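Architecture at a glance
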Amino acid sequence: MTTKRPPTALEKMGLNSPMALALHLPSRYEDETELFTIEEALGLGRFHSIQTQGVVIRNQVMFRPRRQLLVTIEDDTASLQLRFLNFYPSQQKQMAVGNHIRVRGEIREGYQGAEIVHPTVRAVIPEAPLPASLTPVYPASAGISQTMIRKAVLKALQDASLKNSLAEFLPSTLMAEILPKNDWPPLQDAITYLHQPPADTNTQSLLERTHPAWRRVQFEELLAQQISLKRAHAIRRERRAPSFVKGQQASKLSKTSKTKNSIEEGLLKILLFELTGAQARVWSEIGYDLSNTFPMNRLLQGDVGSGKTVIAALAAARAMDHGYQAAIMAPTEILAEQHYLKMQEWFGPIGVKIAWLSGSLKAKEKRLAQEMIESGEAQLIIGTHALIQDKVSFAKLGLAVIDEQHRFGVRQRLEIQQRVSSELFYCHQLMMSATPIPRTLAMTYYADLDVSVIDELPPGRKPIATKVVKAARRDEVIGGLHDWLVKGLQAYWVCPLIEESEVLQLQTAVESFEQLTQALPNFKVGLVHGRLKSEEKAAVMAAFKANEIQLLVATTVIEVGVDVPNAALMVIEHAERFGYAQIHQLRGRVGRGSADSVCILMYAEPLSMAAKERLQTLRETSDGFVIAERDLSLRGPGELLGAKQSGDAMLRFVDLQRDAWLIELAQTAAERLLAEHADLVERHLERWLGSRTEFLKA
Ligand code: ADP
Ligand code: MG
């Protein structure tokens, strides 16, 4: 019987094969290739990290001012003191008087002259040769020493199998074409170089990862990613989805519908506005996708208030005109409700049957909704996660719209599609987001996603003036709020986000509500928060919309989707606690009517540097793209897109901002490889992704 041994610390880090170890590249290097005499070292002065060596002439534990170990070494030129504030008996032994040691660290002026505090120490034979290459420092985890990793990597680099794994097989003609001035080393050389850079290397370019050896590795990595994403794209095209061609609707539905006309035309008649140029353009892009016989996978991107909802409604109308169901899923109950109300306003009069499904429905209501969905009686289905969480089966779903897509994980987004899909049939998918995705991201994370952008706001929008105000001036703000309400306008008061405690968050909202109710006796103040039942929330929102409530105190539940044009002032308390995207979203609730709009960001001191910069940026710009770029540089793409986006786990060595130009090269190379060297594609993917290809199927 074989007993299964527990994984070693290295294996736990995924370093379980020569290839994995070879690709475990250093995060930085230490220079142990140069040795100074003690006199030279002292001459270099402070802030120089130096390496020197000598024989120990003193080794003494002192107890004042605190327990510490003082060691003095000496060579032919001078002597130098080493000071250790923490030390082990083994170190004391290593530095026993008479031993030769090599030390590395920064010289500084101590009380008793020049010294090094906590140098790196290594026992040496006096004539020991210096290493010829820089010493790599690897990403490690607890319980693994650098020595362990270095040994393992060194052994791996000598493993015979690596020659094959790292063999050069990108056709040189192809490389020469896409990279005319190719100063990149072959892959195996690049990897060896990065593990053991020669002493005279340009360390700057190694650290910045712009050295040709790094470029080579980054290119290979991007190439693997581009190939897999392109392949996902090809696979999608082989799938089948119902084709919705404008004007060719199923006759069956026109008969059951109240009107003989198409739902799409009915909707266009009911709308009180014309589509903007940008809306018309994205609608034609989406309309084209819907006419295809393979599933649409499109992201509709448009700043807060740019009018994405009506595009979703048009797409739904087209699917319904062909006798299929359409579903709209939103991340929060409040947002889903807004959609439900809007769709009833638009589709109700033309007799479209709409089902509403959310987690907060009573069991009986839920069952009724599910029955409507299963029987096909419901043509349009609106809801929250409940659409995928509960056991809903759609009679004939042709289109799924996912609003604020970044709030859902990849799995959730796919689930709705998988729910109705078989090998032969997929529904079309439209994702919507107000969070702009920079081009470099769209090209990598989303290579299999088509993107449409609404880059124009509906006419008549006023710019929002944003002010940043200290919390100490709260009374002044309330005074201004009073004058505002006197003019017959409405306002929002957003209470701080308290991530640690929902109870605390609620409590502060109630306090602000009470204070404002007292301070503004002539106006009706309302309160809405996440703990309210959905009917209660809806009632408050309806009262606000009807101007029965003039000031709405709210927690972040109003972050998305709320639409009251007469409310053009927003006060955000403790704005310093919100992120870029949240404030941008919140602020997008105002500036929708004819009045000049104002957003007041109140902050409490002290402000961190990051918060200060954030508030300043938000005051200066309301351009969603600028804000998203800032956000990206701050948080990194993973967080911006939701942690588990496909493509994410694939990039280890590439920085999408620094290496943007490489992406285009890799894209071209991927296309050429797939078209001309299909046999090499598999090998390349295997070498780079190994077991990690799994998530691409998701
Ligand atoms: P978002 O893109 O943030 O979801 P909405 O779809 O909620 O934006 O639209 C914001 C507001 O603009 C809504 O009141 C909507 O009815 C209105 N709207 C949308 N398109 C137009 C248009 N072409 N002309 C005028 N108003 C429009
Ligand atoms: Mg919206």
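Given the structure is predicted, the values throughout are model-derived calculations rather than measurements. (Residues numbered from 1 in each chain as written. Chains lettered and ligands numbered in written order. Predicted model: local features only at pLDDT ≥ 70, side-chain atom pairs only at ≥ 80, totals over all residues. Heavy atoms only, no water.)

**A closer look at helix α20 (residues 474-486)**
What counts, and what does not: Here a helix means four or more residues in a row that DSSP labels H or I, a strand means two or more in a row labelled E, and each is numbered from the N terminus. Helix span is expected to be 1.5 Å times the residue number reduced by one. Pairs of residues are marked as contacts when any of their non-hydrogen atoms sit within 4.5 Å.
With 13 residues, α20 should reach 18 Å at 1.5 Å per residue; the first-to-last C-alpha distance of 19 Å fits that figure. Elements that come into contact with the buried residues of α20 comprise β16 (464-470), β17 (490-494), α21 (502-519), β19 (551-554), β20 (567-572) and β21 (597-603). Gly-488, located one to two residues past α20, shows a positive phi value of around 90°.

**Side note on the pattern of salt bridges**
What counts, and what does not: Within this document, salt bridges are pairs made up of a side-chain nitrogen of Lys or Arg and a carboxyl oxygen of Asp or Glu, the two lying within 4 Å of each other. Working definition: with a 1.4 Å probe on protein chains only, accessible area under 20% of the residue-type maximum means buried, over 50% means exposed, and in between means partly exposed.
Evaluation of the coordinates by the stated rule reveals 21 salt bridges. Among the salt bridges present, the one from Arg-236 reaches Asp-450, with a minimum N-O distance of 3.5 Å. Residue Arg-236 is located in helix α10 (residues 212-238), and its partner Asp-450 is located in strand β15 (residues 450-454); the two are separated by 214 residues in the primary sequence. Overall, Arg-236 belongs to the buried group, its relative accessible area being 5%. Linking Arg-672 and Glu-676 is a salt bridge whose minimum nitrogen-to-oxygen distance equals 2.7 Å. Here Arg-672 and its partner Glu-676 are both found in helix α27 (residues 660-676), four residues apart, which amounts to about one turn of the helix. A single salt-bridge network, built from bridges that share partners, covers Arg-28, Glu-30, Glu-32, Arg-104 and Arg-122.

**Structural notes on the nonpolar core**
The test is simple: Side-chain atoms within 4.5 Å link the members of a nonpolar core, which is a set of buried Ala, Val, Leu, Ile, Met, Phe, Trp, Tyr and Cys residues.
Of all hydrophobic cores here, the largest spans 63 residues; its most connected members are Ile-286, Ile-311, Met-343, Phe-347, Leu-380 and Leu-399. No other element matches the ten residues that helix α14 (residues 309-321) contributes to this core. Excluding residues that lie within four positions of it along the chain, Leu-399 makes contacts with Leu-290, Met-296, Ala-315, Ala-316, Ala-319, Gln-325, Ala-326, Ala-327, Cys-427, His-428 and Leu-430. Membership of the second largest hydrophobic core comes to 54 residues, among which are Tyr-29, Leu-222, Ala-224 and Leu-673.

**Examining the sheet that holds β16**
How we decide: Strand pairing is defined by DSSP finding a minimum of two bridges between the two strands. Angles shown run from 0 to 180 degrees and are taken between the N-to-C directions of axes, each axis being a line fitted to C-alpha atoms and, for helices, limited to the stretch in contact.
Read across the open sheet, the six strands follow the order β16-β21-β20-β17-β19-β18; overall the sheet is parallel. If you trace the sheet from one side to the other, it starts and ends with β16 and β18 (525-528), each paired once. In this sheet, adjacent strand axes meet at a mean angle of 20° when their direction is disregarded. Sheet analysis places β17 next to β19, joined by four bridges and oriented parallel.

**Some points on the site of ligand 1**
Formally: In these notes, residues near a molecule or strand are those with any non-hydrogen atom within 4 Å of it. Polar contacts, as counted here, are pairs of nitrogen or oxygen atoms within 3.5 Å of one another; within protein the pair requires one atom able to donate a hydrogen and one able to accept it, and residues that are adjacent in sequence qualify only if both atoms are side-chain atoms. Per-residue and other accessible areas follow the Shrake-Rupley method at a 1.4 Å probe size, with only the shown protein chains counted as cover for residues. We place a 1 Å grid over just the protein atoms. Points where a 1.4 Å probe fits but has no way out form a cavity, open points with protein on both sides within 12 Å along at least 5 of 7 lines form a pocket, and any residue with an atom within 4 Å of a point lines it. Pocket or cavity membership: a molecule qualifies when more than half of its atoms sit within 2 Å of the grid points of that site. Residue polarity is assigned by list, with Asp, Glu, Lys and Arg as charged and Ala, Val, Leu, Ile, Met, Phe, Trp, Tyr, Cys and Pro as nonpolar; anything else, Gly included, falls into the polar class.
Residues in close proximity to ligand 1 total 17 residues, the closest being Glu-274, Gly-305, Thr-309, Arg-461 and Asp-563. Here a nitrogen atom of ligand 1 and a side-chain polar atom of Gln-279 are 2.8 Å apart. Between an oxygen atom of ligand 1 and a side-chain N or O atom of Thr-309, the distance comes to 2.6 Å. Protein coverage of the free-state accessible area of ligand 1, which is 570 Å², stands at 84%. With respect to the pocket detection grid, ligand 1 is positioned in the largest pocket. For the shell around ligand 1, the per-class residue count stands at four nonpolar, six polar and seven charged.

**Describing the packing of aromatic side chains**
This is how the line gets drawn: Pairing of aromatic rings covers Phe, Tyr and the six-membered ring of Trp, with a centre-to-centre limit of 6.5 Å; geometry is then stacked below 30 degrees between planes, edge-to-face above 60, and tilted otherwise.
Inspection of the entire model under this criterion finds five aromatic pairs. Between Phe-244 and Tyr-324, the ring centres sit 5.3 Å apart and the planes meet at 55°, which makes this aromatic pair tilted. Here Phe-244 is found in the loop between α10 and α11 (251-256), whereas its partner Tyr-324 is found in the loop between α14 and β10 (325-329), with 80 residues between them in sequence. Exposure class is identical for Phe-244 and Tyr-324. Each is buried. Summarising the aromatic geometry, the rings of Tyr-340 and Trp-356 are spaced 5.3 Å apart at their centres and angled 20° between planes, so their arrangement reads as stacked. Of the two residues, Tyr-340 is situated in helix α15 (residues 333-347) and Trp-356 in strand β11 (residues 354-357); the sequence distance between them amounts to 16 residues. The exposure class assigned to Tyr-340 is buried, which follows from its relative accessible area of 18%.

**A look at the side chain of Ser-512**
The topology assignment puts Ser-512 in helix α21. By relative accessible area, Ser-512 is classed as buried at 3%. Leave out the neighbours within four places in its chain, and Ser-512 touches Arg-474, Trp-493, Cys-495, Val-553 and Glu-573.

**Quick notes on unusual backbone geometry**
Of note, the amide linkage connecting Arg-64 to Pro-65 takes the cis form, showing an omega dihedral of 0°. Structurally, Pro-65 can be placed in the loop between β2 (49-62) and β3 (68-74). With an omega of 0°, the peptide bond between Glu-605 and Pro-606 qualifies as cis. Along the polypeptide, Pro-606 turns up in the loop between β21 and α24 (609-620). At Arg-209, a residue that is not glycine, the phi angle is positive and equals roughly 60°. Within the secondary structure, Arg-209 sits in the loop between α9 (203-207) and α10. One non-glycine residue, Asn-547, adopts positive backbone phi at about 65°.

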